[in-house]
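If you want the building blocks of each chain, they are given just below.
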Amino acid sequence: MRLEPRQVLAADGTVIDGREPDVSRMVARYAAMTEARLYDRKASALQRQGRLATYAPYEGQEASQVGAVAPLAEEDWLVASYRDAAAMRFHGYPWQNLLLTRMGDERGGHPPEGVNVTPPSITVGGHMIHAVGIAWAEKIKGTGAVALTMFGDGATSEGDFHEAMNFAGVYGTPTVFFCQNNGWAISMPRSRQTASATIAQKAEAYGLPGVLVDGNDVLAVEEVVAEAVDRARAGEGATLIEALTYRVRGHTTADDDRRYRAREDAAGWLGKDPLERVRLWLERQGAWDEDVQSGLESQASGLIEAALAEAEAVVSFSAGEIFDAMYEEPTGPLETQRRRAERSTRWA
Amino acid sequence: MGVMTLAQALNSALDMALDDPTVVLMGEDIGTTGGVFRITDGLARKHGSERVVDTPVAESGIVGAAFGMAIAGLRPIVEMQFMGFSYPAYDQVISHVARIRSRSRHRFTAPMVIRLPYGAGIGASEHHSESTEAIYAHIPGLKVVVASTPENAKGLLLAAVDDPDPVIFLEPIRAYRAARGEVPDGRYVTPIGAGMLELRGSDISLISYGAMMRETMEAAHRLVADGVSVEVIDLRSLVPLDADMVVASVRKTGRAVVIHEAPLTGGYGAEIVALIQERALYSLRAPVQRVTGWDVTVPLRLAEHHYLPSAGRIVAAARSVLEA
């Protein structure tokens, strides 16, 4: 079985097959990816300052994340992992929520009503089946909404991947499986996760289409996801997409990737930067210059700083408040413990 | 009012639950076949295979998919064929089902029921006789209830379906057909978190739940015949626990025996004993005893009678407490 990755915008910023996109759309994607990269670097910096706990950077994966959610309608669901902050943000999950969670406050996990994005999954792979169940529910309810789940190459080694793909295949749920194959699962290269030539081809065994895409090409990602969403909405079932991309930074801010990969490992990928190719294209259209760049950056920084100020203004839980969200109505035994916890703070 | 087996009472409750269009049943062989214990018999035919769903053999997938459905507004009821086959799904239960409300501060919830046929005494194969309720009771965010009679099986199951939080629902396999009793017609709920005083007395409290209620009641009747005034509590709900009922009883009797078929160490009985010493120590006139399964792998058919607490063992424990 041989799959070629779909590509629309080459690394040098030229469009393949003359399918020239709309300038305003490209500006919007470039603005989103710029904001995503600024957030990622800001979050890493905040972690070093002790203002965030561990952070999982996604630099290099902006096209995959922005492109994957661009075709989603507001009522569609996103069920993503801890490295997918940009995708979550561009499907409506506010930066301040993402920051708040990383600061260590559960209230970050409460996006506004109407935002169909679940809090990031920290376990690897356990969330894929949730997107099957959610999509199944929407199918039963007849809403037409679909669910897209994001996960990494490492997650495909979990048994959960098999069960999720299998259920989606058997029940024809409107689910889009979006794998960001960024080459590394902490220290383990993709070659040690599976002997399969591609992850996309695993779809075949579940009776589903598998699609390979250049994950650093925002237009190609958007195109293949749009096709998968259309299939799902039309009642034709799920799709597995493997986006080929690269995790430029370590696994998290607590990781030192020099222990397991040589600097040369990144060399080929840095020339395929997802932002740079869009910038080159825009520049050729006369839609990019240094002023445009600084305008986009200052606008994005403003948003991120405002979100940070909002997150940092949240007063952390009192001892009693940690009991507030275990059940809809607190149980008697839990209320007893709450009173004891509130009293015990006197001896802290 | 009619006489039903516990299995029939559960079937009746599920049938009523399906009147709510958001309720979906999922499990292995539950549709066409009606489940390995026939608890869902006839329900697929009546309510459709879209709502009484036969699934692939994948416990984690079943619970994970049901969890997704619950997030998106349905109320799934999942059947695990045996408690001993629920462990592949334990990751979904502990990592997601139990904590989504906390993780999202009420934004997303998992109103779902996981039905677990449990317990020994039917001479089944390995893994078919488990009673591992303690590993569920230990996880914050879950409710854990155990049926013991046809009447409370129906009421507790309907309460579990109505509950806005995930409920682990234990069904005593041994009592499915052995337990028969009056079951009220129509819809009613047995409140979760409330124990049941099965017998009032003043000399000793016997505290148990689920399948062991049969042996516990038999032991109580033998003691009563000998002139002992016995109080019997069916906990029915392990989480949340009706602590006040246990404490009030032991304050009155000053003596207690806690009975379950699960192994001793780390079993739920330890929680009851700890509660008694915290809140009723000065009422005690003898050390509290536990009558439980042993800390051994549940024996297969020919030796399981050595494992399961018998009425005789409970009576002996009660005697030692009464004579202490």
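Residues numbered from 1 in each chain as written. Chains lettered and ligands numbered in written order. Predicted model: local features only at pLDDT ≥ 70, side-chain atom pairs only at ≥ 80, totals over all residues.

Undergrad: What is the right way to read the overall build of chain A from this model?
TA: Looking only at helices and strands, one finds 11 helices and 7 strands in chain A. For chain A, the C-alpha radius of gyration of 21 Å lies close to 20 Å, the compact-globule estimate for 348 residues. Projected onto the principal axes, the alpha-carbon positions of chain A cover approximately 70 × 50 × 40 Å. A burial count over chain A gives 50% of its 348 residues as buried. Relative to all contacts within chain A whose residues are 6 or more apart in sequence, the contacts with residues 24 or more apart total 76%. (Helix = DSSP H or I, 4+ residues; strand = E, 2+ residues; numbered from the N terminus. Rg over C-alpha atoms; globule rule 2.2 N^0.38 Å. Buried ≥ 20, exposed ≤ 12 C-beta atoms within 10 Å, placed from the backbone. Contact = placed C-beta atoms within 7 Å.)

Undergrad: How should I be thinking about the overall build of chain B in this particular structure?
TA: Each helix and strand counted, chain B has 13 helices and 14 strands in total. Since a compact globule built from 324 residues should have a radius of gyration of about 20 Å, the 19 Å found for chain B is in line with a globular shape. The principal-axis extents of the C-alpha atoms in chain B amount to approximately 60 × 40 × 40 Å. Counting over 324 residues, chain B shows a buried share of 56%. A sequence separation of at least 24 residues applies to 80% of the contacts in chain B between residues at least 6 apart.

Undergrad: I would appreciate a short explanation of the interface of chain A and chain B in the present structure.
TA: How big an interface is tends to be stated in terms of accessible area lost as the parts join. Facing the 32 residues of chain A at the interface are 36 residues of chain B. Of all the elements in the fold, those that place two or more residues in the side of chain A that touches chain B are helix 5 (128–141), helix 6 (159–171) and helix 11 (332–344) of chain A. Top element by residues in the side of chain A that touches chain B is helix 5 of chain A. It accounts for 10 residues. Partitioning the side of chain A that touches chain B into residue classes produces 16 nonpolar, 10 polar and 6 charged. (Nonpolar A, V, L, I, M, F, W, Y, C, P; charged D, E, K, R; others polar.)

Undergrad: How should the domain arrangement of chain B be read in this particular structure?
TA: All names here are of chain B. With domains assigned, chain B is organised as domain 1 (2–183) and domain 2 (196–323). Of note, the centres of domain 1 and domain 2, computed from C-alpha atoms alone, are 26 Å apart. Contributions of two or more residues to the side of domain 1 that touches domain 2 are made by helix 6 (133–137), strand 6 (143–146), helix 7 (150–162) and strand 7 (167–172). In terms of residue count, the dominant contributor to the side of domain 1 that touches domain 2 is strand 6 (4 residues). For the side of domain 1 that touches domain 2, a count of residues per class yields 11 nonpolar, 8 polar and 5 charged. (Domains from an automatic or database assignment.)

Undergrad: Is there a simple way to think about helix 9 (residues 213–225) of chain B in this case?
TA: Residue and element names in this part refer to chain B. Over its 13 residues, helix 9 runs 18 Å from end to end, which matches the ideal 18 Å to within 8%, given 1.5 Å per residue. Here helix 9 has its buried residues at Met213, Glu215, Thr216, Met217, Ala219, Ala220 and Leu223. Contacts from the buried residues of helix 9 go to strand 9 (196–199), strand 10 (204–208), strand 11 (230–234), strand 13 (256–263) and helix 13 (311–323). The first or second residue beyond helix 9 is Gly227, which carries a positive phi of 90 degrees. (Expected span 1.5 Å × (residues − 1).)

Undergrad: Quick question: what am I supposed to make of the nonpolar core here?
TA: In terms of nonpolar packing, the biggest core is built from 195 residues, with Leu148, Val176 and Ile241 of chain A together with Leu206 and Val257 of chain B touching the most fellow members. Here this core takes 9 residues from helix 7 (residues 218–233) of chain A, the largest share from any one element. Setting aside chain neighbours within four positions, we find Leu206 of chain B in contact with Thr216, Ala219, Ala220, Val230, Val232, Val257, Ile259, Ile314 and Ala318 of chain B. (Core = buried A, V, L, I, M, F, W, Y, C linked by C-beta atoms within 7 Å.)

Undergrad: Honestly, the domain arrangement of chain A in this entry has me stumped. Any pointers?
TA: According to the domain assignment, chain A contains domain 1 (16–316) and domain 2 (319–348). Just the C-alpha atoms count here: the centres of domain 1 of chain A and domain 2 of chain A sit 37 Å apart.

Undergrad: Whenever I open this one, helix 10 (residues 290–312) of chain A confuses me. Can you help?
TA: Because the α-helix completes a turn every 3.6 residues, residues three or four places apart line up on one side. Residue and element names in this part refer to chain A. Look at helix 10: 32 Å from first C-alpha to last across 23 residues, which is about the 33 Å you get at 1.5 Å a residue. Listing the buried residues of helix 10 in full gives Ala300, Ile304, Ala307, Leu308 and Ala311. In this fold, the buried residues of helix 10 make contact with helix 1 (23–48) and helix 4 (95–103).

Undergrad: I'm lost on unusual backbone geometry in this one. Help?
TA: Note on backbone geometry: most residues besides glycine have negative phi, and most peptide bonds are trans. The peptide bond linking Val239 of chain B to Pro240 of chain B adopts the cis configuration, its omega dihedral lying at -5 degrees. With phi around 45 degrees, Ile186 of chain A is a residue other than glycine that occupies positive phi space. Mapped onto the secondary structure, Ile186 of chain A falls in the loop between strand 4 (184–185) and strand 5 (188–189). The phi dihedral of His127 of chain B is positive, around 75 degrees, even though this residue is not glycine. The topology assignment puts His127 of chain B in the loop between strand 5 (113–118) and helix 6. C-beta crowding within 10 Å serves as the criterion here: with 13 such atoms nearby, His127 of chain B is assigned to the partly exposed category.

Undergrad: Is there a simple way to think about the confidence of the model for chain B in this case?
TA: Low pLDDT marks stretches whose predicted atomic positions should not be read closely. For chain B, per-residue confidence averages 97 on the pLDDT scale, and 100% of positions sit at 70 or higher. The complex prediction reports pTM at 0.97, with the ipTM value standing at 0.96. (pLDDT = per-residue confidence, 0-100.)

Undergrad: Quick question: what am I supposed to make of the sheet that holds strand 6 of chain B here?
TA: Strand pairing in a sheet relies on backbone hydrogen bonds. The paired strands run either parallel or antiparallel. All names here are of chain B. Within the open sheet, the 7 strands sit side by side as 3-2-4-5-7-6-12. Their pairing is mixed. A strand with exactly one partner marks an edge of an open sheet, and here the two such strands are strand 3 (52–54) and strand 12 (237–239). The average angle at which neighbouring strand axes cross in this sheet is 20 degrees, direction not considered. Bridge analysis of strand 2 (residues 23–27) against strand 3 gives 3 bridges, and the strand direction is parallel. Within strand 3, the position partnered with Met26 by the bridge is Val53. Contacting strand 2, strand 4 (75–79) and strand 5, helix 3 (residues 59–71) runs over the sheet at an angle of about 165 degrees to strand 4. (Pairing = 2+ DSSP bridges. Axes fitted to C-alpha atoms, helices over the stretch in contact; angles between N-to-C directions.)

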